[in-house]
Amino acid sequence: MDSAPETTIVDTHRVWCDGAGDIRGGENYRPASLGHPRVWMEIDEKGYVDCGYCDRRFVLAGGAADEGTVTGAAA
């Protein structure tokens with residue numbers, strides 16, 4: 001598997017990304033200014049999906065692309 005800028009392990013087939021990463025909360029939190037528009041994606045038989053805006057890769061835990069070497073928070 002080629003290397004993605006950021007990889008997140010998830011436990012659902014349907015995921016979303018807004019490009020904000022782990023930047024959440026705080027009095028200055030402004031979701032629209034942190035990344036890109038929220039997009040919903042579906043993980044298919046490959047076991048992963050890449051965000052078309054920021055290239056973050058979402059890997060389904062236990063799926064075809066889960067090599068057991070990447071850790072991350074569920075989306």
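Residues numbered from 1 in each chain as written. Predicted model: local features only at pLDDT ≥ 70, side-chain atom pairs only at ≥ 80, totals over all residues. Heavy atoms only, no water.

As for its position among the elements, glycine 19 is in the loop between strand E2 (14–17) and helix H1 (31–34). A C-alpha to C-alpha distance of 7.6 Å links glycine 19 and tyrosine 53, two positions 34 residues apart in sequence. (Helix = DSSP H or I, 4+ residues; strand = E, 2+ residues; numbered from the N terminus.)

A word on the pattern of salt bridges. In total, this model carries 2 salt bridges according to the counting rule given. Notably, a salt bridge pairs glutamate 6 with arginine 56, separated by 3.4 Å at the nearest N-O pair. In this pair, glutamate 6 is assigned in the segment before strand E1 (7–10) and arginine 56 in the loop between strand E4 (48–50) and strand E5 (57–60), connecting sequence segments 50 residues apart. Judged by relative accessible area, glutamate 6 falls into the partly exposed class, the value being 33%. The partner of arginine 57 in a salt bridge is aspartate 50, with the nearest N and O atoms 2.6 Å apart. For arginine 57, a relative accessible area of 3% puts it in the buried group. By relative accessible area, aspartate 50 is classed as partly exposed at 32%. (Salt bridge = Lys/Arg side-chain N within 4 Å of Asp/Glu carboxyl O. Buried < 20%, exposed > 50% of the residue type's maximum accessible area, 1.4 Å probe, protein only.)

With that settled, consider unusual backbone geometry. Here aspartate 55, not a glycine, exhibits a phi torsion of approximately 70°, which is positive. Following the sequence through the fold, aspartate 55 ends up in the loop between E4 and E5.

Attention now goes to the nonpolar core. Listed in full, the 9 residues of the largest apolar core are Val10, Val15, Cys17, Met41, Ile43, Val49, Cys51, Phe58 and Leu60. Of all the elements in the fold, those that place two or more residues in this core are E2 and E5. Apart from residues no more than four positions distant in its own chain, cysteine 51 is found in contact with Cys17, His36, Val39, Met41 and Arg56. (Core = buried A, V, L, I, M, F, W, Y, C linked by side-chain atoms within 4.5 Å. Contact = heavy atoms within 4.5 Å.)

Strand order in the open sheet made by the 3 strands is E1-E5-E4, with mixed pairing throughout. Of all strands in the sheet, those with a lone pairing partner are E1 and E4, marking the two edges. Each strand axis lies, on average, 20° off the axis of its neighbour in the sheet, ignoring direction. The pairing of E1 with E5 spans 4 bridges and is parallel. Across the sheet, the residue bridging to threonine 8 is phenylalanine 58, located in E5. (Pairing = 2+ DSSP bridges. Axes fitted to C-alpha atoms, helices over the stretch in contact; angles between N-to-C directions.)

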